[in-house]
Amino acid sequence: MITYQDETYDSCIDEIKPLFFKHWEEIAGNKDVIALEPDFDKYKQIEENGMLRIFSARDDGDLLGYFICFVSPHIHYKSTIYAFNDIMYVKPSYRGSTVGYRLIKNAMTDLKENCAVDMLVIHMKVEHEFRKLLNHLGFALAEENWQRLL
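This section reports on the structure supplied with the text.

### Quick look at helix H1 (residues 9-27)
An α-helix turns once every 3.6 residues. As a result, residues three or four positions apart point the same way.
(1) Moving on: Taking 1.5 Å as the rise per residue, H1 with 19 residues should run 27 Å; its terminal C-alpha atoms sit only 23 Å apart, a clear shortfall.
(2) Moving on: Of all bends in H1, the biggest is about 45°, found at Glu15, and the proline Pro18 comes one to four residues later.
(3) Moving on: Inspection of H1 places Tyr9, Cys12, Ile13, Ile16, Leu19, Phe20, His23, Trp24 and Ile27 among the buried residues, and these make up the whole buried set.

### Observations regarding a nonpolar patch on the surface
(1) Moving on: On the surface, a cluster of nonpolar side chains totalling about 260 Å² of accessible area is made up of Val33, Ile34 and Leu149.
(2) Moving on: Positionally, Val33 belongs in the loop between H1 and helix H2 (40-48).
(3) Moving on: Judged by relative accessible area, Val33 falls into the exposed class, the value being 54%.

### Section: the layout of surface pockets
(1) Moving on: Taken as a whole, the second largest pocket holds about 160 Å³ of empty space.
(2) Moving on: Lining the second largest pocket are Ala107, Met108, Leu111, Lys112, Val117, Asp118, Met119, Leu120, Leu137, Gly138 and Phe139.
(3) Moving on: Mapped onto the lining of the second largest pocket, the elements with two or more residues apiece are helix H3 (99-115) and strand E5 (119-121).
(4) Moving on: Ranked by the residues each element gives to the lining of the second largest pocket, the list is headed by H3, at four residues.

### Looking at the sheet that holds strand E4 (residues 81-90)
(1) Moving on: On the basis of which strands lie adjacent, the open sheet formed by five strands has the order E1-E2-E3-E4-E5 and mixed pairing. Each of the sheet's edge strands pairs with one partner strand only, and the pair in question is strand E1 (2-7) and E5. Going from strand to strand, the sheet's axes swing by 25° on average, the running direction of each strand aside.
(2) Moving on: The pairing of E4 with E5 spans three bridges and is classified as parallel. For Tyr82, the partnering residue across the bridge sits in E5 and is Met119.
(3) Moving on: Sitting on the sheet, H1 is in contact with E1, strand E2 (52-59), strand E3 (62-73) and E4, with an inclination near 100° to E3.
(4) Moving on: Each of E1, E2, E3, E4 and E5 touches H3; the most contacted strand, E2, lies at about 145° to it.

Cut-offs used in this document
- Residues numbered from 1 in each chain as written.
- Predicted model: local features only at pLDDT ≥ 70, side-chain atom pairs only at ≥ 80, totals over all residues.
- Heavy atoms only, no water.
- Helix = DSSP H or I, 4+ residues; strand = E, 2+ residues; numbered from the N terminus.
- Expected span 1.5 Å × (residues − 1).
- Bend = angle between axes of the 7 residues up to and from the residue.
- Buried < 20%, exposed > 50% of the residue type's maximum accessible area, 1.4 Å probe, protein only.
- Patch = residues over 30% accessible without salt bridge, like charges linked within 9 Å, V, L, I, M, F, W, Y side chains within 5 Å.
- Areas by Shrake-Rupley, 256 points an atom, 1.4 Å probe, with all protein chains shown as cover.
- Salt bridge = Lys/Arg side-chain N within 4 Å of Asp/Glu carboxyl O.
- 1 Å grid on protein atoms, 1.4 Å probe; cavity = no way out; pocket = protein on both sides within 12 Å on 5 of 7 lines; lining within 4 Å.
- Points joined across faces, edges and corners; volume = space filled by probe spheres on them.
- Pairing = 2+ DSSP bridges.
- Axes fitted to C-alpha atoms, helices over the stretch in contact; angles between N-to-C directions.
- Contact = heavy atoms within 4.5 Å.

Remember that the coordinates give geometry; whether it matters functionally is a separate question.
Right, here's the structure in full:
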């Protein structure tokens, strides 16, 4: 049975770490010059400051996917609580099912009810988009991010 829940850093980080690297292999650009080097201590510190939320999808306890975001008042709009998605991953064999939809939907409900979040911001790689899913969930394209190696 697939379940959706919030997690703590300590409850899931050891399961997330290998998927982080698989995800990076799948979607990262510039891998030849920018190595994946997560600052897991910083994630823990951010959680200790009450600003990290981790949500998971599990099938009989097996981690299928995760949705990690940072929650904070926006520096430009201090009375508005934003959740900025850091990373979302669903195992390839579960993509195209309702797992990604339900994972985001669960996160949205939790963020609103338990963190008083006003705005959820999700970013995606252009080459690995899930725009159809976000449109279905009522998201609107608001900005573009551009990058260049220096």
